[in-house]
Amino acid sequence: MAGQRARGKSLVIAAVGWVVAIWIFFPIFWMFLTSFKGEAGAIATPPRLFFVPTLESYHEVFQRANYWRVTFNTLGVSIGATVVALLFSIPAAYAMAFLPGKRTRGTLLWMLSTRMLPPVGVLVPIYLIARNTHLLDTVTGLALVDMFTNMPITVWMLYTFFREIPVPILEAGRMDGANRWQEITRVLLPLATPGIASTALLSMILCWNEAFWSLNLTSSNAAPLAAFIASFSSPEGLFFGKLSAASTLAVAPILAFGWISQKQLVRGLTFGAVK
Amino acid sequence: MATVELKSIRKTYTSEEIIKGVDLSIESKEFVVFVGPSGCGKSTLLRMIAGLEDISSGDLLIDGRRVNDLAPAERGLAMVFQSYALYPHMNVYQNMEFGLKLAKTPEAERREKIMAVARTLQLENYLKHKPGQLSGGQRQRVAIGRAIVRNPKVFLFDEPLSNLDASLRGQMRVELATLHRRLGATTIYVTHDQIEAMTMADKIVVLQKGIVEQVGSPLELYDCPRNLFVAKFIGSPPMNFLPGTVIAASEEQARVRLASGQEIVVVAGGAQGLIGAAVTLGVRPEHVRLGHAVENRGSGQVELVEYLGSAAHLHVRMQDGALLVIQTEGGVRVHADDAVTFSFPAERCHLFNSEGVALHRRSSGRMAA
Amino acid sequence: MSAVTTASQHHRKAAIGAGASGALMLAPAVFVLLVWSVVPLVLTLWYSFQNYNLVDPTLHGFAGVNNYWYLLSDPDFLQSLLNTAILVIGVLVISVGGGTLLAVLYDQEFVGRGVARVLVISPFFVMPTVSALLWKNLMLHPIYGVYSWMMRAVGLTPIDWLQRFPMLTVMMIVAWEWLPFAVLILLTAVQSLDAEQKEAALLDGAGPVARFFHIVLPHLSRAIAVVIMIETIYLLTIFAEIMVTTAGGPGVASTNLAYLIYSRALLQFDVGGASAGGVIAIVIANIAAAFLVRAVARHLEV
């Protein structure tokens, strides 16, 4: 009796769990499917679940003059912003984790508070500064802004990872004659590789998906994928197939990264408050 | 090898003084143990010698040279950490090689040194292993190897055995002592375990709250603890303490009346001025004699007997309610609720004044049993 | 245990030369962030008191509080404030409420749980412009959308959601993006709940509901605070979803503060007015975040 009831209960849970999951995931699944239908199939009514797949939409996306440029822009912004953010963040996180002073806590919270600044509040001056320094619609300009906005997160995330490294191992390095530079490069960084990798990954994801600054600071020249996709929004551009193919290409790598590194992302996104 | 000298060493964090002026001199080849309860400052003191902590004031001399401002590696020291602190991303060979590499030792020489140390420590088969693949005892040996390979003037050990289980700890104790004899290096060893201190040290430094309570050989500390703290800390099971009052005293002896009314004669000098004063009588469990006696008698009821095989500990409730531990040979036929009589040998008793300072005893060496 | 921690804390503080080299390593990051957070702020404040229009150079000089006055008396502005509030509060309620329930659901053991979890958190990794177009075209398009087809299939007339209920629809799209975030965080938090604590409650005879309210929910409080804080920051500045789906319309029906500032600045080139809006957005964000940051800061392990 009890066993049967337990089994019944777990069946209900499984059913609810799966229905909710499929319902939430459905738009992404449908986008993926539509990307292989071609334009005619994409808008067929009733919508088709089974069809002969075609790469027609992908071909068209690849042939759009700016697709590759947009992809390279996205990569440039994401990688550039991430690398520079790490260059600033690693020493800062090291100092706060291993050489804390009276003001460390205050500094960390202040960094967090810079994240509270709503981007839209400073849209005007940033736009004007970018325009006056000729950084408007450049990969460099967007990467800089992305780096600034993500730096509090990268510092925090590295800080929480560094805090988990046993201090005696670094001290052993010092006893072995390592100076500060060697201590960081030969002992700390190899130990912290997983943490640094997930920090870099989170930064990449945030840059890749960033839309506000992408839409406002770039146009034809430096537009990343987030802005490129937006160009499909014009009413006359109702090309579901191409939209789906471009979207699938833009989303797939980040989905894969996100699935792989969920746990670390939680830490980063919550400033280490949830592990 | 090397001498180490501490001259009124102090350590202050923000406003708190952790080390309150330590003077100590360590001879070449000596095995010195810093011992004390947690928070007594022993680890901090070791880390100050290592160069991992600033010295707030005072001088630290190694081989007569002031090294306060030198980086750890420049002081010619090596340290074994409590957690071993092996580099988890390097294998055993690389762990030992790291310091030599940083010192720009040529490759061939590095290999030669590491292989020699690996042979000594029986690590030859593990050179390619990462620390995560090793047992606790093996990791311990790698940590020691990493220290030895740099051929330091002074070895520092920070509670190196506390992460090992009891049987391995005993074995490593012997290994460390043997190693020290063979290398003949000056060694400073921190522990909270008085057994480690007693078994390995040439010289024990007992610390409490940043102050050196007593320095001496293990037997000096055992026979002539300078105060209540040292008396409590050294010896296992710990010394019994009974409150009493001095009722008579000569130059060499004192007569003490315990709370129970029993009068005990103690060999202790300088008690003449203390007649009528409250004192503490100390006697080690292994020195209380079971059976009838003419003098220094006591009696009580056995509450619990702990048989350890080679010895037994009797927990005896005395008439005044005080609890006394008596150590006897293992085969003793005493049971709970038995009434027992016992005696305190006068020359084995310790007397402490109301400040906890031991009264001077005539001889400071080991006394005839 | 505590002796060990204090000792190691002392050790952390004690490294030789900590002060100078620590400050040196911290300086670049602090400097960059300081410039980033102060300069634009000061400029926004400055512009907000200026007559400044990018296409009308004759208009310049000190404006006093005029920009604020025009903005505050503009019904569009009040509508945008209302829309911002609807968006933030609506999405918070859906994502935190739903997220908590789903976190508990996906904490249960069932067949394929791992895959189901991955599916649920996926929308969070989809970039905002893609999410918005996905919903606008593939799902909700009145003719070709899947939802419209489903409505027709059951005999209903499809609704042009973005025309009829623009704000509500935008809110649902944004909730679809942020509910997975809440699930991701809260599920991690639920899983960190001590199994023994749950078993102890079980032995004490607590039913599922009692366990949820007395064990799970208190355990989640900190994670929920974190979710609310982070989502609030992002939700106050929702922009791409609106731009791509409704462009703030019809009229200003789906214009929030962020979109209003954008349209003032980059469509009407009114730098002064847009900056005044920016200052107001910053003030609102700070009010909203002040108590949240404080609540969360207490939990952060520094």
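Residues numbered from 1 in each chain as written. Chains lettered and ligands numbered in written order. Predicted model: local features only at pLDDT ≥ 70, side-chain atom pairs only at ≥ 80, totals over all residues. Heavy atoms only, no water.

Visitor: What is the right way to look at the overall build of chain C in this model?
Guide: When helices and strands are counted, chain C shows 14 helices and zero strands. Going from N to C terminus, chain C has its helices and strands arranged as α-α-α-α-α-α-α-α-α-α-α-α-α-α. The C-alpha radius of gyration of chain C comes to 24 Å, more than 25% above the 19 Å expected for a compact globule of 302 residues. With respect to the principal axes defined by its C-alpha atoms, chain C has extents near 75 × 75 × 30 Å. Out of the 302 residues in chain C, the part that is buried amounts to 54%. Within the structure as shown, chain C displays about 13,200 Å² of accessible surface, and the carbon and sulfur contribution to it stands at 70%. Computed over 13 positive and 15 negative side-chain charges, the inter-centroid distance for chain C is 4 Å. (Helix = DSSP H or I, 4+ residues; strand = E, 2+ residues; numbered from the N terminus. Rg over C-alpha atoms; globule rule 2.2 N^0.38 Å. Buried < 20%, exposed > 50% of the residue type's maximum accessible area, 1.4 Å probe, protein only. Areas by Shrake-Rupley, 256 points an atom, 1.4 Å probe, with all protein chains shown as cover. Lys, Arg positive; Asp, Glu negative; His and termini not counted. Charge placed at Lys NZ, Arg CZ, Asp CG, Glu CD.)

Visitor: Teacher, can you tell me more about the packing of helix H5 (residues 104-114) of chain A against helix H7 (residues 139-163) of chain A here?
Guide: Any two packed helices are characterised by the angle at which their axes cross and by the distance between the axes. Residue and element names in this part refer to chain A. At their nearest, the axes of H5 and H7 sit 9 Å apart, and the two run at 140° to each other. One way to sum up the angle between H5 and H7 is to call them oblique. Where H5 crosses over H7, the handedness of that crossing is left-handed. Here H5 contributes Leu108, Leu109, Met111, Leu112 and Thr114 to the contact with H7, which in turn contributes Pro152, Val155, Trp156 and Tyr159. Residues that form the contact of H5 with H7 fall into these classes: eight nonpolar, one polar and no charged. (Axes fitted to C-alpha atoms, helices over the stretch in contact; angles between N-to-C directions. Parallel < 35°, antiparallel > 145°, perpendicular 65-115°, else oblique. Left-handed = near helix turned anticlockwise from the far one by under 90°. Contact = heavy atoms within 4.5 Å. Nonpolar A, V, L, I, M, F, W, Y, C, P; charged D, E, K, R; others polar.)

Visitor: Sorry if this is basic, but what is going on with the nonpolar core here?
Guide: Burial of nonpolar side chains together is a common tendency in soluble globular proteins. Residues Phe162(A), Trp213(A), Phe34(B) and Tyr106(C) are the most contacted members of the largest nonpolar core, which totals 235 residues. If one sorts the elements of this core by residue count, helix H9 (residues 166-191) of chain C sits on top with 18 residues. (Core = buried A, V, L, I, M, F, W, Y, C linked by side-chain atoms within 4.5 Å.)

Visitor: Sorry, what's going on with unusual backbone geometry here?
Guide: Glycine aside, residues mostly have negative phi angles, and peptide bonds mostly take the trans form. All names here are of chain B. Omega for the peptide link from Ser236 to Pro237 comes to -5°, which places this bond in the cis form. Positionally, Pro237 belongs in the loop between helix H8 (228-233) and strand E11 (240-249). Positive phi, normally seen in glycine, also occurs at Lys104, with a value near 60°. Relative to the elements of secondary structure, Lys104 occurs in the loop between helix H2 (92-102) and helix H3 (107-120).

Spatial relationships are all this shows, so hold off on functional conclusions.
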